[in-house]
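Spelled out from the first residue to the last, the chains are:
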Amino acid sequence: MSTYFQPRKYPATDFDSTTATDEALPVVVVGAGPVGMGVALGLAQRGIPVTVLEAADQVSFGSRAICISRHSLEVAARLGFGPQLEKIVLPWVGGRSFYRDEQVLHFEMAHGEHDVRGPMVNVSQSEIEQIMTDTLLEHPLITFHWSSSVAGVLRSDDDVTLDIDTAFGTRRLRARWVVAADGGRSRMRELAGIRLQGNSYQGNYVIADIHWESTLPAERMVWFDPPSNPGSTIIMHQQPRDIWRIDYQLDSADDAELETQEDRIRDRITRHLDWLENDVPWTLEWHGFYRAHALALDDFAHGRILFAGDAAHLVPIFGVRGLNSGMEDAETLAWTLAAVVHGTADEALLQAYSVERRSAWQQNVDNAGKSTLIMSPGSHGYRTTRDAVLALATTRPEFGHLINPRQSSATHAHLSPLTWPVAEGTTGVLPGDPLEDRRVRVATAEGSVESSLNRVRGTGFAVLGVGVDAAGARMIAAHASGLAMALSPESVRAVVVPAPGAVVDAAADLTVLDDPDGAVAAALGASPGECFVIRPDGLVLCRVRDLSLLGEVHEHLRAATAPAVGVVPAHTGSAASPEDLLRENVWMGLSEALDQAGEADREGFLTRLALLLGSQSGQREFEEALAAAAHVSGNVCSGTPRHSHVGA
């Protein structure tokens, strides 16, 4: 029996138009995907009534995003639907890639003993949307209109008027602010007369969801040029309740219309599962089609219309950054727009949102772009080097890192106008960095109890002091109280890690962490007496040694500025080793050079390059390189499945 998720349908909503004498609605959100609903929940948490318009009569059906990052789970917890979501997800920590039938990569995402959650979980976007919908429908400040599509937009300096097609005729709503979160084919973007800019990659992929009671592990599995489907790339992911997502690439010569017919999809999947020696029956539940894109608006804030999620930007799917980056958009937009609506910040704060999230899109594209060049190389040069990397990786595992999918991680806001500078040479967690949740212990009158940094700091701002004495703790609590009054109704919490030997008592306005081994200070890279201000979306706003500077936080937030003294925070190193960076530069440089070489001179170009590089190396090194390049593993070409790799 199929366990595939079937959304419930909702009746079309009738509602009254806004008249000329009515007060404008505070915020209308167009689009009830995860991003639109995330914005609505974040605004409602802050006391702002929100109207949500959805053109459909149900949440999405079928496979869209399925891989949800640790950071997105943290966002879900802060927005109020985390516990329900975490009950149904399937955790995973890594994956394997194969060239034909030979394993060429086994990776694990970072995770440690202090992590509250694993690095990644799988669950259908449809199920996430249903949980969010149930949460929205129960909230007294959120009004939900189904089967309501925007047909026209009229903008002024003070508000936006939307003409809306409903089952009951045309309705008109006037709002002070409109959030456009209506997806990659955004009608709001079209009506605003703006377009996404960037690149679309070559390579078409078919997506299929099947119900299959397999015993294969819950991990990302990729086959390049598998014997079951020569020339293709196949990706497999397990979802909860024995649902499997299978993506496979079509050849450029394939007829996409023909290859997306059910009988052809069934044939492709059958060939692959048969090659894996599958004897378990399966059913095709859903199928779709996509291409990879790297597109964005130049500006996400257009007067009183604010764009978020796929309506603002598209990223290649490799590395699972679409929904995860959209959830970051939602949380950042929610607190910044709430501050503007409540009058605690100038409208410049929304331009800061735009700058931050477009920078985040570029970070995602830079990483996902490299993965896309491996998964779906769009030129002769990149296809040639991709195939060479795969072949080399069968015997030279050091080349495997080039195949790594570079899974989604939280983006930074180093270049945001909000982010405070730091003293030159500062290391550790920097302003603009995301502060991930971690296990902590809270000191109480009854003793130390386990908690997490996310729960301790709450859903608003937090002022976190490390290695402080009793006087420093009182000063931090006082500054947090003042900031809470200035930002009301945004919450602000004070949290401290006492210095060794210092006696700091917990109070209603102060949470004290019990950290005898200095784990929190070490994770932050903090020296005694330092203080961090953490934003509602989990990014570090500032890091100061002089606690009196905390008194300037609100005025800078109000004006969407940061102090001018110091240097822009930036990580000075890379997680990759120098050898890995060198191989990456060689791969990309050689790919570009091959694309620039004349078609008739490609072999000549490579021969000249080999002569030049060989003359710069020793005789032994050159002979070893020749042998490695000439070697072809028997397993690579045998066509015999290596199941020990798949199930290991």
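The structure displayed is predicted, hence computed values, not measured ones.

### A short note on the overall build of the protein
From N to C terminus, the protein includes 19 helices and 26 strands. Taken against the 2.2 N^0.38 rule, which gives 26 Å for 648 residues, the C-alpha radius of gyration of the protein at 27 Å falls within 12% of a compact globule. Across the 648 residues in the protein, those meeting the buried criterion constitute 53%. Relative to all contacts within the protein whose residues are 6 or more apart in sequence, the contacts with residues 24 or more apart total 74%. Here the protein has roughly 27300 Å² of accessible surface; of this, 52% comes from carbon and sulfur atoms. With 52 positive and 83 negative side-chain charges, the protein shows a spacing of 1 Å between the two charge centroids.

### Looking at the sheet that holds strand β4 (residues 90-92)
The strands making up a sheet are joined through hydrogen bonds of the backbone, oriented either antiparallel or parallel. Here we have 3 strands laid out as an open sheet, ordered β3-β7-β4, and antiparallel in their pairing. Edge positions in the open sheet fall to β3 (67-69) and β4, since each of these has one partner strand only. Each neighbouring strand pair of the sheet contributes to a mean axis angle of 35°, computed without reference to strand direction. Inspection of the sheet shows β4 paired to strand β7 (residues 120-122) by 3 bridges, in the antiparallel sense. Each residue of the ladder has a partner; that of P91, found in β7, is V121.

### As for the environment of G381
Within the secondary structure, G381 sits in helix α10 (residues 380-393). Along the primary structure G381 and L487 are separated by 106 residues, whereas in three dimensions their C-alpha atoms are 54 Å apart. Residues in contact with G381, not counting those within four places in the same chain, are S591, L594 and D595.

### Some details on the packing of helix α15 (residues 578-596) against helix α16 (residues 602-615)
Contact geometry of α15 with α16 gives a least axis separation of 9 Å together with a crossing angle of 140°. Judged by the inter-axis angle, α15 sits oblique to α16. As α15 packs across α16, the resulting crossing turns out to be right-handed. Facing α15, whose interface residues are L590, A593 and L594, α16 presents R602, F605, L606 and L609.

### With respect to unusual backbone geometry
Look at the link from S488 to P489: it is a cis peptide, with omega at 15°. Along the chain, the position of P489 falls in the loop between α12 (470-487) and β23 (492-498). Even without a glycine there, the phi angle at S147 is positive, about 55°. Its place among the elements puts S147 in the loop between β8 (142-145) and β9 (149-155).

### Here's the deal with the sheet that holds β23
Strands sit in the order β24-β23-β22-β25-β26 across an open sheet of 5 strands; the sheet is mixed. Each end of this open sheet is capped by a strand with a single partner; those strands are β24 (511-512) and β26 (540-544). Pairing analysis gives 4 bridges linking strand β25 (residues 530-534) to β26, with the strands arranged antiparallel. If you follow I534 over to β26, its bridge partner there is V540.

### A word on the nonpolar core
In a soluble, globular protein the nonpolar side chains are often hidden away together inside. Residues F81, L162, F307 and L337 are the most contacted members of the largest nonpolar core, which totals 104 residues. Contacts of F307, omitting those with residues within four sequence positions, involve A180, S186, M188, R189, A192, I194, L297, F300, H302, A312 and Y353.

### Topic: the side chain of E584
Relative to the helices and strands, E584 is located in helix α15. If sequence neighbours within four positions are ignored, E584 has contacts with K370, H401, L402 and R406.

### Concerning the environment of V568
Inspection of the secondary structure puts V568 in the loop between α14 (553-559) and α15. Residue classification places V568 among the exposed positions, given a relative accessible area of 54%. For V568, the residues in contact, after removing those within four places along its chain, are H414 and L415.

### Points about the confidence of the model for the protein
In low-pLDDT regions, the fine details of the predicted coordinates are not to be read closely. On average, residues of the protein score 92 in pLDDT, and 96% of them reach the 70 mark or higher. In this model residues 633-645 is a low-confidence stretch, pLDDT under 50, and it forms 32 contacts with partners more than four residues away in sequence or in other chains.

### A short note on the packing of aromatic side chains
Inspection of every chain in the model, using the stated rule, returns 9 aromatic pairs. When the ring of Y205 is compared with that of Y290, the centres are 5.5 Å apart and the planes differ by 5°; the resulting orientation is stacked. Separated by 85 residues along the polypeptide, Y205 in strand β12 (residues 197-212) and Y290 in strand β16 (residues 282-296) bring together distant segments of the chain. Taken together, the aromatic side chains of Y10, F144 and W146 make up a single cluster linked through ring pairs. Geometry around W177 places R304 over its ring, the cationic atom sitting 4.3 Å from the centre. A cation over a ring is seen here: R583 above F399, with NZ or CZ 5.8 Å from the ring centre.

### As for the pairing of strand β14 (residues 233-239)
Within β14, 7 of the 7 residues are buried, leaving the element largely enclosed by the surrounding structure. Along β14, one buried face is formed by T233, I235, H237 and Q239 and the opposite face, lined by I234, M236 and Q238, is buried too. Note: β14 against strand β15 (residues 243-250), 6 bridges, orientation antiparallel. Bridging across to β15, H237 finds its partner in R245. Connecting β14 to the next strand, β15, in antiparallel fashion are 3 residues, including R241 with a positive phi near 60°.

### Concerning the packing of helix α1 (residues 34-45) against helix α8 (residues 322-342)
Axis separation between α1 and α8 bottoms out at 8 Å; the angle between their running directions is 30°. The pairing of α1 with α8 is recorded here as roughly parallel in orientation. Our pair here, α1 against α8, has a crossing hand that is right-handed. Contacts between α1 and α8 involve P34, V35, G38, V39, G42 and L43 on the former and, on the latter, L323, G326, M327, A330, L333, A334, L337 and A338. By residue class, the composition of the contact of α1 with α8 is 11 nonpolar, 3 polar and no charged.

### A few points about helix α7 (residues 262-275)
Relative to the 20 Å expected for 14 residues at 1.5 Å per residue, α7 spans 20 Å between its end C-alpha atoms, a close match to the ideal helical length. Buried residues of α7: I265, R268, I269, H272, L273 and W275, and no others. All buried residues of α7 project into a common sector of 165° when viewed along the axis, lining one side. Looking at the residues trailing α7, positive phi occurs at E277, about 60°.

### Quick notes on the pattern of salt bridges
All told, the structure shown has 37 salt bridges when counted by the stated rule. Of the charged contacts in the structure, one is a salt bridge between R174 and D159, with a shortest N-O distance of 3.3 Å. Of this pair, R174 sits in strand β11 (residues 169-180) while D159 is found in the loop between β9 and β10 (160-166), placing the two residues 15 residues apart along the sequence. Both residues of the pair, R174 and D159, count as buried.

Scoring rules and cut-offs
Residues numbered from 1 in each chain as written. Predicted model: local features only at pLDDT ≥ 70, side-chain atom pairs only at ≥ 80, totals over all residues. Heavy atoms only, no water. Helix = DSSP H or I, 4+ residues; strand = E, 2+ residues; numbered from the N terminus. Rg over C-alpha atoms; globule rule 2.2 N^0.38 Å. Buried < 20%, exposed > 50% of the residue type's maximum accessible area, 1.4 Å probe, protein only. Contact = heavy atoms within 4.5 Å. Areas by Shrake-Rupley, 256 points an atom, 1.4 Å probe, with all protein chains shown as cover. Lys, Arg positive; Asp, Glu negative; His and termini not counted. Charge placed at Lys NZ, Arg CZ, Asp CG, Glu CD. Pairing = 2+ DSSP bridges. Axes fitted to C-alpha atoms, helices over the stretch in contact; angles between N-to-C directions. Parallel < 35°, antiparallel > 145°, perpendicular 65-115°, else oblique. Left-handed = near helix turned anticlockwise from the far one by under 90°. Core = buried A, V, L, I, M, F, W, Y, C linked by side-chain atoms within 4.5 Å. pLDDT = per-residue confidence, 0-100. Phe/Tyr/Trp six-rings, centres within 6.5 Å; stacked < 30°, edge-to-face > 60°. Lys NZ or Arg CZ within 6 Å of the ring centre and 35° of its normal. Nonpolar A, V, L, I, M, F, W, Y, C, P; charged D, E, K, R; others polar. Expected span 1.5 Å × (residues − 1). Arc of directions from axis to C-beta. Salt bridge = Lys/Arg side-chain N within 4 Å of Asp/Glu carboxyl O.

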